[in-house]
Amino acid sequence: MRKISRLIDNEHGVALVLALMILLTLTGLVLAFLSASAFEPQISRNHSETVRARYVAEAGVEYAYDTLASNVGSWNQYLAGATCVQGAVLGAPDSALPGLGSAHGTFTVRIRNDCKPGDDKLTGVAVDTATGRCDPAASGDATHDGNCKVIVRSTGTVGTTTRTITVVVSKTAALAINGALAFPGSQADVSVRGSSFVIDGRDSKIADQPGAPTGAAPAVYGVAVNAGLPALAAGLEVALGTSAQHDVRGRDRTDPSATARGANTIRADGALTSQAVTDFVDAAKSAADVTINASPGHGSSLSNIGSTCAIDVESSTCWGTRARPKIVYVRGALPDVGTRYTSLRLAGASSGTGILIVENGVVEIGGSFRWNGPIVVTGRNVGIRFRGDGSQLVYGAAIVNEVNPGAVANLDGDGVGKPHILYSNEALGLVQNALKRRLVTTQNWTDQ
């Protein structure tokens, strides 16, 4: 018994056992650390390639945006051979970054129309299966963009790693201007007190003198009115076309290949709709270079607009030049039904180039005035008034879009002046080309 007890109490060799156990544990830990450290370069490489692949995919998105924004005409050319699911390859597959080889990564961009069930969750609008503003000649399908929206999918590849970005690209459809003066809204009227209008739908170049157009583009109508309201066109014929003091010229409504003078250049036409104008303004005003908030009942009175352009083209009193067209947006306070007030008054010697938008109010133009591009007055109780106290020229087109059925969209003239509204394909093209990238936007980025 004592012998057994002595054996139990004997601690000789315990230290050796503990040392071996600790050594074994430490060896396991060291091996684990060595194994983990061996994976660190691979983990870092994977992370680096993932980040780089995403950047390459972003480069593909930028390439797609640049391609689409540079051509704001029909995007159908990029959808040739596409399906609603796969789309079509935009550009070359596996494109390398500019100036770099494929070892630095490649991207492949596919573009498709939003015609697949469920695409409305991406775009926020109905699936594109109906005739739209971007392709009024055909319904939206795999190869026809009807609603000015497409889905771009860019896949970036670095080594064996890929990242994909999906984005919706939208554009604001250009206004289908088919008259030097257009009333696409619910009402139209022309009121004249002592002055006379020159409204010319023949194509005038920017350098042309009024009445001597040299442009080669087909003539548009002198006045185009909402196609659903032919009675308004008839009323304008009485107010303008049959009055000897006015000079209205443009496309002959009975022979579109010819030009005419007088009432025969005024017609109801569906090329430009009230909704198209509203949609265009909603997009354009968010990209405005100059925004003016007009106070209710008073409006903004400005003079000598454009005089600062030679010194500072970025100035808020420079409303664009031919080299730097601008979007100018005048936001009028929403008037009560039946209330009309002037949102903007211009006096002195004023000029500009770009898109002039006046919403919910009347623009009153006095003094010497020259504008290259479209003037769009839209909203409730709207109109354009020419004061007649100077030379007033619009090269482009004027659009008066009344959305209040109870109001009358007016083109007013008073005094002894002779305002000129001259259709100019050159001016409209200049403005559209310079500002087209502003009207192409991206939304709903998703990464995979």
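This text follows the structure it describes.
Residues numbered from 1 in each chain as written. Predicted model: local features only at pLDDT ≥ 70, side-chain atom pairs only at ≥ 80, totals over all residues. Heavy atoms only, no water.

Some thoughts on the overall build of the chain
- When its secondary structure is counted, the chain shows 6 helices and 23 strands.
- Looking at the 448 residues of the chain, the share that counts as buried comes to 47%.
- By element, 56% of the accessible surface of the chain is carried by carbon and sulfur atoms, the whole surface being about 20,400 Å². (Helix = DSSP H or I, 4+ residues; strand = E, 2+ residues; numbered from the N terminus. Buried < 20%, exposed > 50% of the residue type's maximum accessible area, 1.4 Å probe, protein only. Areas by Shrake-Rupley, 256 points an atom, 1.4 Å probe, with all protein chains shown as cover.)

Thoughts on the pairing of strand β12 (residues 290-293)
- Because side chains alternate across β12, one face comprises the buried residues Val-290 and Ile-292, and the other comprises Thr-291 and Asn-293, none of which is buried.
- Summarising the sheet, β12 and strand β14 (residues 326-331) pair through 4 bridges and their orientation is parallel. Considered in β14, the bridge of Ile-292 is made with Val-330. (Pairing = 2+ DSSP bridges.)

A closer look at unusual backbone geometry
- Positioned with a positive phi, Cys-148 is a non-glycine residue whose angle comes to about 65°.
- Along the polypeptide, Cys-148 turns up in the loop between α3 (120-123) and β3 (149-158).
- The buried category is assigned to Cys-148, whose relative accessible area is 1%.
- Not every positive phi belongs to a glycine, and Asn-381 is a case in point at roughly 60°.
- Turning to its location among the elements, Asn-381 is positioned in the loop between β18 (368-379) and β19 (383-386).
- Relative accessible area serves as the criterion here: at 1%, Asn-381 is assigned to the buried category.

Thoughts on the packing of aromatic side chains
- In total, this model carries 2 aromatic pairs according to the counting rule given.
- Ring centres 6.0 Å apart and planes at 75° place the aromatic pair Phe-197 and Phe-386 in the edge-to-face group. Here Phe-386 lies in strand β19 and Phe-197 lies in the loop between β6 (189-193) and β7 (198-200), a separation of 189 residues in the sequence. Take Phe-197 and Phe-386: they sit in the same class, and that class is buried.
- Stacked on the ring of Trp-75, the Lys or Arg Lys-171 has its end atom at 4.4 Å from the ring centre.
- Between Arg-251 and the ring centre of Tyr-221, over which it is positioned, the NZ or CZ distance is 4.9 Å. (Phe/Tyr/Trp six-rings, centres within 6.5 Å; stacked < 30°, edge-to-face > 60°. Lys NZ or Arg CZ within 6 Å of the ring centre and 35° of its normal.)

Considerations on the state of the cysteines
- Summed over the entire model, instances satisfying the criterion amount to 2 disulfides.
- Shown here is the disulfide that connects Cys-84 with Cys-115, its sulfur atoms set 2.0 Å apart. Of note, the bridge from Cys-84 to Cys-115 carries an S-S torsion of about -115° and is left-handed in sense. One end of the pair, Cys-84, is in the loop between α2 (14-69) and β1 (88-96); the other, Cys-115, is in the loop between β2 (106-113) and α3, and 31 residues separate them in sequence.
- A relative accessible area of 9% places Cys-115 in the buried class. (Disulfide = S-S within 2.5 Å.)

A few points about the pattern of salt bridges
- Inspection of the entire model under this criterion finds 16 salt bridges.
- Of the charged contacts, one joins Arg-202 and Asp-200 as a salt bridge, the two residues approaching to 2.8 Å between their closest N and O atoms. Accessibility assignment for this pair places Arg-202 and Asp-200 in one class, buried.
- Arg-387 is paired through a salt bridge with Glu-364; the nearest N and O atoms lie 3.8 Å apart. Here Arg-387, found in the loop between β19 and β20 (392-402), pairs with Glu-364, found in strand β17 (residues 362-365); they are 23 residues apart in sequence, far enough to count as distant.
- Judged by its relative accessible area of 13%, Glu-364 falls in the buried class.
- A cluster of three or more residues bridged by salt bridges with shared partners is formed by Asp-289, Glu-314, Arg-324 and Arg-438. (Salt bridge = Lys/Arg side-chain N within 4 Å of Asp/Glu carboxyl O.)

Structural notes on helix α6 (residues 425-435)
- Burial in α6 covers these residues: Ala-427, Leu-428, Val-431 and Leu-435. One face of α6 carries all of its buried residues, which in axial projection span an arc of 100°.
- Check the buried side of α6 and you find it contacts β14, β16 (349-359), β18, β20 and β22 (420-423). (Arc of directions from axis to C-beta. Contact = heavy atoms within 4.5 Å.)

Description of the side chain of Arg-202
- Note that Arg-202 resides in the loop between β7 and β8 (221-226).
- A distance of 2.8 Å separates the side chain of Arg-202 from the side chain of Asp-200, its partner in a polar contact.
- Filtering out sequence-adjacent residues up to four positions away, Arg-202 remains in contact with Gly-211, Pro-213, Ala-219, Arg-249, Gly-250, Thr-259 and Tyr-423. (Polar contact = N/O pair within 3.5 Å; in protein donor to acceptor, adjacent residues only side chain to side chain.)

Observations concerning the sheet that holds β2
- Taken in spatial order, the 5 strands make up an open sheet running β1-β2-β3-β4-β23, and their pairing is antiparallel. Where the open sheet ends on each side, the last strands, each with one partner, are β1 and β23 (440-447). Across this sheet, the average inter-strand angle for adjacent strands is 20°, counted without regard to direction.
- The sheet contact formed by strand β4 (residues 161-171) and β23 spans 6 bridges and is antiparallel. Along β23, the bridge assignment pairs Ser-170 with Thr-441. (Axes fitted to C-alpha atoms, helices over the stretch in contact; angles between N-to-C directions.)

What about a nonpolar patch on the surface?
- On the surface, a cluster of nonpolar side chains totalling about 700 Å² of accessible area is made up of Val-17, Leu-18, Met-21, Ile-22, Leu-26, Leu-29 and Phe-33.
- With respect to the helices and strands, the residue Leu-26 is situated in helix α2.
- Taking relative accessible area as the criterion, Leu-26 reaches 45% and is therefore assigned partly exposed. (Patch = residues over 30% accessible without salt bridge, like charges linked within 9 Å, V, L, I, M, F, W, Y side chains within 5 Å.)

Structural notes on the environment of Leu-232
- You can see Leu-232 is positioned in helix α4 (residues 230-241).
- In sequence terms Leu-232 and Ser-186 are 46 residues apart; their C-alpha atoms lie 9.0 Å from each other.

With respect to the nonpolar core
- The biggest cluster of nonpolar side chains holds 59 residues, and the ones touching the most others in it are Leu-175, Leu-181, Val-223, Trp-319, Ile-375, Ile-384 and Ile-399.
- If you look at the next biggest cluster of nonpolar residues, it comprises 25 residues, including Val-56, Tyr-65, Ala-88 and Leu-90. (Core = buried A, V, L, I, M, F, W, Y, C linked by side-chain atoms within 4.5 Å.)

A word on helix α5 (residues 274-285)
- Look at α5: 16 Å from first C-alpha to last across 12 residues, which is about the 16 Å you get at 1.5 Å a residue.
- Three or more residues of α5 are buried, namely Ser-274, Ala-276, Val-277, Phe-280, Val-281 and Ala-284. For α5, the angular spread of buried residues about the axis comes to 155°, placing them on one side.
- In this fold, the buried residues of α5 make contact with β14, β16, β18 and β20. (Expected span 1.5 Å × (residues − 1).)

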